Structures are given as structure tokens and as C-alpha cells.
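# An overview of the molecular structure
Here is how the chains run, residue by residue.
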Amino acid sequence: MSTLRTGGCLCGVVRYECAAEPVFSANCHCRDCQKLSGGSYVATFFVPENSVTITGEVKYFDKMGDSGHLVRRGFCPNCGSQVFGKPEIVPGVLGIRAGSLDNPAQYQPTMDIYTASAQPWDFMNPDLPKF
């Protein structure tokens with residue numbers, strides 16, 4: 001039985017609900033995610049895009065990823081919170097930023113990715129696989 005995950009942006013204009021279990025979840029340490037977050041990584045869980053109901057307007061910023069594929073990043077045009085990611089390399093899957101969850105304790109990372117870009121001051125869970 002899946003757990004309902006709800007969340008949204010800082011100002012509450014963008015909201016979402018998702019009942020699907022994550023396909024995978026990752027802490028991404030790439031430079032783009034560091035710049036997006038202003039921190040050492042972005043924590044994201046990925047679900048089938050058609051399992052998510054979104055209310056409110058979402059604006060997307062598109063940038064080519066290190067993979068050579070487009071990554072679309074969705075944010076609230078009012079407060080600027082980044083809430084979603086759509087990696088072209090994984091069609092039909094929507095990334096949801098763990099920090100946007102109403103209950104962030106629901107997030108359980110399964111891996112660290114782009115660890116070659118991780119900052120030396122960042123502590124990574126040694127129990128998670130590294131890619």
C-alpha cells in the first residue's frame with residue numbers, strides 16, 4: 001500500500017499530491033544541483049509523472065545536463081521555490097524535491113549520484129551506494 005505524499009512551494013501557491021511509491025530516490029551532488037539549492041546536493045524522489053496531481057502554476061527552466069539530455073526544473077513563479085525536475089533521460093518520470101514535502105521524513109534516499117562533484121565538506125551517508 002502506498003503512502004500519500006503531499007507538499008508544495010514556500011508560499012503555498014504550488015501544491016501537489018502523489019500516491020505512487022518512488023521509482024528511485026537520490027541525493028544529487030552535481031554542480032547544477034549545488035547551484036540550485038545553494039547547498040551541497042538536491043534530495044529528490046522520482047515517481048511516475050501521471051501519478052502526481054499539481055495545483056498552481058509551475059514555470060520550467062530548461063538546461064542541458066551532464067548526460068547530454070535536457071533537464072527541466074519546475075519552480076513556483078511567485079516565491080521561486082524549486083519543486084520538480086523532469087529529466088529527459090527518464091521519460092514519464094517526475095522528480096519531486098524532498099524538501100518540498102509536507103513531511104520530509106517520508107524521503108528515504110537510495111543512492112548518492114554525481115559524487116565526483118561532491119564538495120569535500122559534504123558528509124555523505126556511507127551506507128548509500130555512490131555513482
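Check the entry above for the structure.
Residues numbered from 1 in each chain as written. Predicted model: local features only at pLDDT ≥ 70, side-chain atom pairs only at ≥ 80, totals over all residues. Heavy atoms only, no water.

### Observations concerning the packing of aromatic side chains
Cut-off, in case you're wondering: Ring pairs are drawn from Phe, Tyr and Trp, using the six-membered ring of Trp, whenever the two centres fall within 6.5 Å, and their geometry is named by plane angle: stacked under 30 degrees, edge-to-face over 60, tilted for the rest. Helix and strand assignments follow DSSP, with helices taken as H or I runs no shorter than four residues and strands as E runs no shorter than two, numbered in order from the N terminus. Classification of residues uses two cut-offs on accessible area relative to the type maximum, computed with a 1.4 Å probe and protein chains only: under 20% is buried, over 50% is exposed, and between them is partly exposed. Charge-over-ring contacts are defined here by two conditions on Lys NZ or Arg CZ: a distance within 6 Å of the ring centre and an angle within 35 degrees of the ring normal.
Summed over the entire model, instances satisfying the criterion amount to two aromatic pairs. With centroids separated by 5.6 Å and ring planes inclined at 65 degrees, the aromatic side chains of Tyr16 and Phe84 adopt a geometry described as edge-to-face. Here Tyr16, found in strand β2 (residues 15-18), pairs with Phe84, found in strand β8 (residues 82-87); they are 68 residues apart in sequence, far enough to count as distant. Residue class for Phe84 comes out buried when judged on its relative accessible area of 0%. For the pair Phe24 and Phe46, a centre-to-centre distance of 4.4 Å together with 20 degrees between the ring planes defines the contact as stacked. Highlighted residues: Phe24 in strand β3 (residues 24-28) and Phe46 in strand β4 (residues 42-48), separated in sequence by 22 residues. For the cation-ring pair, Arg5 lies above Phe45, with the distance from its terminal atom to the ring centre recorded as 5.9 Å.

### Digging into the pairing of strand β9 (residues 93-97)
As a reminder of what qualifies: Note on pairing: two strands pair once DSSP finds at least 2 bridges between them.
By the criterion of burial, β9 is predominantly enclosed, with five of the five residues buried. Burial along β9 is two-sided: the face carrying Val93, Gly95 and Arg97 and the face carrying Leu94 and Ile96 are both buried. Two elements, β4 and β9, share five bridges in a ladder whose sense is antiparallel. Residue pairing in the sheet places Val47 in a bridge with Leu94 of β9. Pairing between β8 and β9: two bridges, direction antiparallel. Residue pairing in the sheet places Gly85 in a bridge with Gly95 of β9.

### What about the sheet that holds strand β1 (residues 5-8)?
Filter applied, for reference: Angles run from 0 to 180 degrees between N-to-C directions of axes, and those axes are lines fitted to C-alpha atoms, restricted for helices to the stretch in contact.
Taken in spatial order, the three strands make up an open sheet running β1-β2-β5, and their pairing is antiparallel. Every interior strand has two partners, whereas the edge strands, β1 and β5 (52-55), have only one. Sheet twist, expressed as the average angle between the axes of neighbouring strands with direction ignored, equals 15 degrees. Pairing of β2 with β5 involves four bridges; the strand directions are antiparallel. Bridge pairing in β5 links Arg15 to Thr55.

### Considering the environment of Cys18
In plain terms, the rule: We call two residues in contact when some of their heavy atoms are within 4.5 Å.
Topologically, Cys18 is positioned in strand β2. Cys18 sits in the buried class, given a relative accessible area of 0%. Distance from Cys18 to His69, taken between C-alpha atoms, is 26 Å for residues 51 residues apart in sequence. Leave out the neighbours within four places in its chain, and Cys18 touches Thr3, Leu4, Arg5, Val47, Ser51 and Val52.

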